[in-house]
Amino acid sequence: HTSHLLNPRRYSTHLRRPLAVLLPFDEPMSTVAASVGQELADELRWGSTGGGWRSMWACAGFANLLSSAGLLGTLGAVSTTSGASWLSAQLFYSPEFHGRVAGSDPDGLHDFVLEWMESYRVMNEEAIAAYKSLPAEDQASARFCNSTGLANDETLRDTTAREAAAQFCETLIYFDGDWAGYVDQMLRYAAAGYGDGSFAERRAGAGNRVESLAGTDLYVQSALVPNARVRSGKDDADMDGIVYVGTGRGGGVNGTEVYGVVLSAAYVVNSTSSHYSYSTESALRGDLTVETPVVGTTAREFSFGDWDGFGLYPADEGSVRVDVRHVEAEGRRFAPAFGGGSPTVAQVSAISSAALGQHSPLAPSVFAQAMSARRPAGGDGQGRFDERAARMYDAPLLDKFAVCGQWPGTCGPDDGIFVDGGFADGPTLATNVAQFQLGGGDVDRTLRVIITNTNQGWGTDYQHSLILQYFDSPSNGGVEPGGFVWHPGFYLPQQSLRIFEEALDGPGLDALLEPIDGSNMTTALLSGTTIDSPSLGVMAGQSVEVLLINLNEPITTFVMTPVVIERNAAPLAEMARNIASNVELRARVRRFAEGGGGGSEIAGPSAGAMQGAAENDGGASKDVNSSGGDDAEGGTSGAGTEGAPSSDPSGGVSLVVGRRSIAVGILGGIGLFLQ
């Protein structure tokens with residue numbers, strides 16, 4: 001097979017109605033939109049990666065740009081994860097927010113970002129003030145921060161002051177570690193600020209989308225953890241309960257087959273209904289109907305050895321399905337998430353964005369997998385690391401980093417737990433394509449998908465893997481679609497998202513990137529033909545064209561606490577304005593939408609040139625990390641970049657999310673804090 005360019009084709013042969021791309025930019029948008037027609041709306045789609053507040057406001061800039069290009073209301077679907085889902089939830093279900101984002105000029109969008117962030121800052125300040133008003137004996141933040149070493153963590157010093165570290169601790173404890181509660185409050189304060197006070201309770205249904213997006217599907221990407229721990233509540237207990245997601249099939253001798261990796265869990269809103277779609281063949285169009293809750297017990301004290309069978313790093317021979325013993329597969333079914341029906345916008349926003357959920361003690365195999373990527377190879381360092389991991393596992397304060405499927409209620413033996421959708425499908429491309437087909441879309445038609453990668457910078461293993469995972473690439477060679485894979489730089493193993501027959505590697509991807517003058521952004525044109533992936537719901541034979549837009553904006557992912565919000569509000573607003581007003585980007589998007597490509601006017605690399613590069617690079621066998629970035633921390637991602645967390649020499653863990661972080665150093669002395 002080829003190693004680089006993916007199925008070049010003439011875009012224009014797939015559209016009968018051209019977009020009015022040659023109109024001047026001041027042409028009324030109603031004229032432009034009318035020229036698009038329903039045929040394009042069925043084909044043009046948008047998907048985005050996450051990245052916290054950077055992602056939300058970058059996507060606001062992209063939404064504004066799409067609106068000014070006459071394309072936003074013609075999209076067939078929008079798929080988002082994590083912070084991008086905060087944007088999509090408000091864009092689809094708040095007329096006030098939609099008007100301020102899609103209906104403003106770039107300067108108006110800039111001002112709206114500042115207004116929203118100010119409401120959010122006030123929420124954080126009031127939470128900290130409420131915490132400080134508690135009786136002294138209930139204020140544990142100083143003791144907590146000191147015990148973890150958070151206040152002195154070297155990884156904080158280049159990004160935030162000691163005050164921010166203390167504020168984070170106070171906020172964490174005030175919310176009892178409840179990520180969903182934090183997201184809910186954030187949306188309440190922000191929506192009240194822009195005049196939509198009932199937004200957080202609004203149901204994310206098919207019939208109440210904003211008028212201009214009523215014909216656009218919404219896919220909110222989350223991830224279902226394969227097993228959930230249920231604390232016994234008895235102080236002297238040695239065992240806790242555990243609920244596995246069973247496959248519905250028997251296992252080996254005296255065993256039961258269960259899933260061993262996170263499962264894609266997309267919340268789908270289409271023209272007729274809203275439902276969840278899980279990456280199991282029987283649950284692609286609704287609830288977990290065949291998969292059974294497999295109930296058992298698990299040791300209260302954490303040990304990596306208990307989870308070896310689930311594929312700890314590097315997990316060269318891991319499996320999506322594993323056998324577990326001493327469990328009971330009862331004749332029961334999982335309860336529908338959030339009681340059934342359409343969840344609230346706050347609920348779907350929370351399950352899509354639980355970025356620290358892999359460190360929740362209530363997700364035991366995921367916890368072990370995530371920690372194993374940072375575990376020293378041996379010696380005293382490994383022993384200290386294991387002790388601190390065990391303390392973390394024993395800390396109820398961290399339980400709600402993952403989101404219970406019945407939040408704000410509690411989870412029992414029939415309920416699942418959710419974490420950030422980026423652990424299942426970061427750019428949401430596989431989900432977007434799969435849902436087009438599952439919804440009855442014509443496989444003979446060409447899909448065009450704009451993927452906005454709202455990243456901090458390019459060139460790491462993690463960034464390459466985000467895109468290469470969809471193709472025949474070095475890290476998933478020999479892996480069946482839907483099979484077990486642990487991509488370079490990823491926090492966790494997952495089901496393989498390979499959906500294209502074509503091959504691509506790091507040098508080939510880098511060669512396709514074209515800069516956008518006057519910005520950090522780059523774009524690339526990719527194309528592929530789908531292959532069968534039953535667990536994802538993808539069928540073979542569909543042509544997919546992708547316009548990849550890399551943001552490359554060095555703004556932190558975690559904009560939490562008043563100090564950090566004040567520091568980043570203006571850069572976020574400026575970023576959104578710059579995206580919305582970028583003339584060259586708008587021109588590339590328009591050309592892509594009409595089928596003329598999405599590159600600059602200067603011709604990009606040819607298929608022949610990239611084929612030659614593949615031969616020179618040794619083809620698909622070359623390592624993905626082609627950019628020269630070193631893994632300075634000796635882990636699975638470049639130091640200080642987006643991707644998996646890095647470990648400090650003392651055996652503590654710094655959760656490096658993006659280049660800058662607040663939620664760090666949480667292991668150091670957490671056992672002391674809890675005593």
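Please read all numbers here as calculations on a predicted model, not as lab measurements.

**Student:** Hey, could you go over the overall build of the protein for me, with residue numbers and the actual values?
**Tutor:** When helices and strands are tallied, the protein shows 19 helices and 21 strands. Out of the 675 residues belonging to the protein, those deemed buried represent 63%. As displayed, the protein has an accessible area near 23100 Å², and 49% of this comes from carbon and sulfur atoms.

**Student:** Could you give an account of the packing of helix α5 (residues 106–132) against helix α7 (residues 162–174), with specific residues and numbers?
**Tutor:** Interhelical geometry of α5 versus α7 gives an angle of 75° and a closest axis separation of 9 Å. The angle between α5 and α7 falls in the class roughly perpendicular. Across from Asn-124, Ala-127, Ile-128, Ala-130, Tyr-131 and Lys-132 in α5, the residues of α7 making contact are Gln-167, Glu-170, Thr-171, Ile-173 and Tyr-174. Its residues assigned to classes, the contact of α5 with α7 shows 6 nonpolar, 3 polar and 2 charged.

**Student:** Provide a residue-level description of the state of the cysteines, including the pertinent values.
**Tutor:** Across all of its chains, the model carries 1 disulfide by this definition. A disulfide bridge connects Cys-404 with Cys-411, and the sulfur atoms are separated by 2.1 Å. Measuring the twist about the S-S bond at about 105°, one finds the Cys-404-Cys-411 disulfide to be right-handed. What makes Cys-411 partly exposed here is its relative accessible area of 25%.

**Student:** Outline the pairing of strand β8 (residues 274–278), listing residues and values.
**Tutor:** Burial of β8 is extensive: 4 of the 5 residues sit out of reach of the surface. As paired elements, strand β7 (residues 263–269) and β8 share 5 bridges and run antiparallel to each other. By the bridge assignment for β8, Tyr-267 is matched with Tyr-276. Between β7 and the antiparallel strand that follows it, β8, lie 4 residues.

**Student:** Residues and numbers for helix α9 (residues 345–352), please.
**Tutor:** Across the 8 residues of α9, 8 count as buried, placing the element largely inside the fold. Every buried residue of α9 is listed here: Val-345, Ala-346, Gln-347, Val-348, Ser-349, Ala-350, Ile-351 and Ser-352.

**Student:** Before we move on, could you go through the nonpolar core and cite the residues and values that matter?
**Tutor:** Among the nonpolar cores identified, the biggest contains 139 residues, and Trp-46, Trp-53, Trp-57, Trp-116, Met-117 and Tyr-120 are the most heavily contacted of them. Excluding its chain neighbours within four sequence positions, the residues that come into contact with Trp-116 are Trp-53, Met-56, Trp-57, Gln-90, Phe-97, Met-186, Ala-190 and Tyr-194. Residues Ala-430, Ala-434, Phe-471 and Leu-512 belong to the second largest nonpolar core, which totals 26 residues.

**Student:** Tell me about the pattern of salt bridges, and please be specific about residues and values.
**Tutor:** Enumeration according to the criterion identifies 18 salt bridges in this entry. Between Arg-121 and Glu-566 there is a salt bridge, and its shortest N-O distance comes to 4.0 Å. One end of the pair, Arg-121, is in helix α5; the other, Glu-566, is in helix α16 (residues 562–580), and 445 residues separate them in sequence. With a relative accessible area of 51%, Glu-566 lands in the exposed category.

**Student:** Break down the confidence of the model for the protein for me, with residues and values.
**Tutor:** Scored by pLDDT, the protein comes out at a mean of 82, with 77% of its residues at no less than 70. Note on residues 601–641: pLDDT is under 50 here. Beyond four places in sequence and across chains, it has 80 contacts. The low-confidence segment residues 645–675 (pLDDT under 50) makes 116 contacts with residues lying over four places distant or belonging to another chain.

**Student:** Describe in detail the side chain of Thr-344, supporting the description with residues and values.
**Tutor:** For Thr-344, the location among the structural elements is in the loop between β11 (327–329) and α9. In this view, Thr-344 contacts Ala-200, Glu-201, Arg-202, Arg-203 and Ala-204; residues no more than four positions away in its chain are not counted.

**Student:** Tell me about the packing of aromatic side chains, and name the residues and values.
**Tutor:** How two aromatic rings sit relative to each other is set out by the distance from centre to centre and by the angle between their planes. Counted by the stated rule, this structure contains 27 aromatic pairs. Summarising the aromatic geometry, the rings of Trp-179 and Tyr-182 are spaced 5.8 Å apart at their centres and angled 20° between planes, so their arrangement reads as stacked. On the criterion of helical spacing, the pair formed by Trp-179 and Tyr-182 is a turn pair, its members being 3 residues apart in helix α8 (residues 179–193). Looking at Trp-179, the relative accessible area reads 11%, which means it is buried. The class of Tyr-182 is buried, set by a relative accessible area of 3%. By the ring-pair criterion, three or more aromatic residues cluster together here, those being Trp-53, Trp-57, Trp-86, Phe-97, Phe-112, Trp-116, Tyr-120, Tyr-174, Phe-175, Trp-179, Tyr-182 and Tyr-194. The ring of Tyr-393 carries the charged tip of Arg-229 above its face, separated from the ring centre by 4.1 Å.

Definitions and cut-offs
Residues numbered from 1 in each chain as written. Predicted model: local features only at pLDDT ≥ 70, side-chain atom pairs only at ≥ 80, totals over all residues. Heavy atoms only, no water. Helix = DSSP H or I, 4+ residues; strand = E, 2+ residues; numbered from the N terminus. Buried < 20%, exposed > 50% of the residue type's maximum accessible area, 1.4 Å probe, protein only. Areas by Shrake-Rupley, 256 points an atom, 1.4 Å probe, with all protein chains shown as cover. Axes fitted to C-alpha atoms, helices over the stretch in contact; angles between N-to-C directions. Parallel < 35°, antiparallel > 145°, perpendicular 65-115°, else oblique. Contact = heavy atoms within 4.5 Å. Nonpolar A, V, L, I, M, F, W, Y, C, P; charged D, E, K, R; others polar. Disulfide = S-S within 2.5 Å. Pairing = 2+ DSSP bridges. Core = buried A, V, L, I, M, F, W, Y, C linked by side-chain atoms within 4.5 Å. Salt bridge = Lys/Arg side-chain N within 4 Å of Asp/Glu carboxyl O. pLDDT = per-residue confidence, 0-100. Phe/Tyr/Trp six-rings, centres within 6.5 Å; stacked < 30°, edge-to-face > 60°. Lys NZ or Arg CZ within 6 Å of the ring centre and 35° of its normal.

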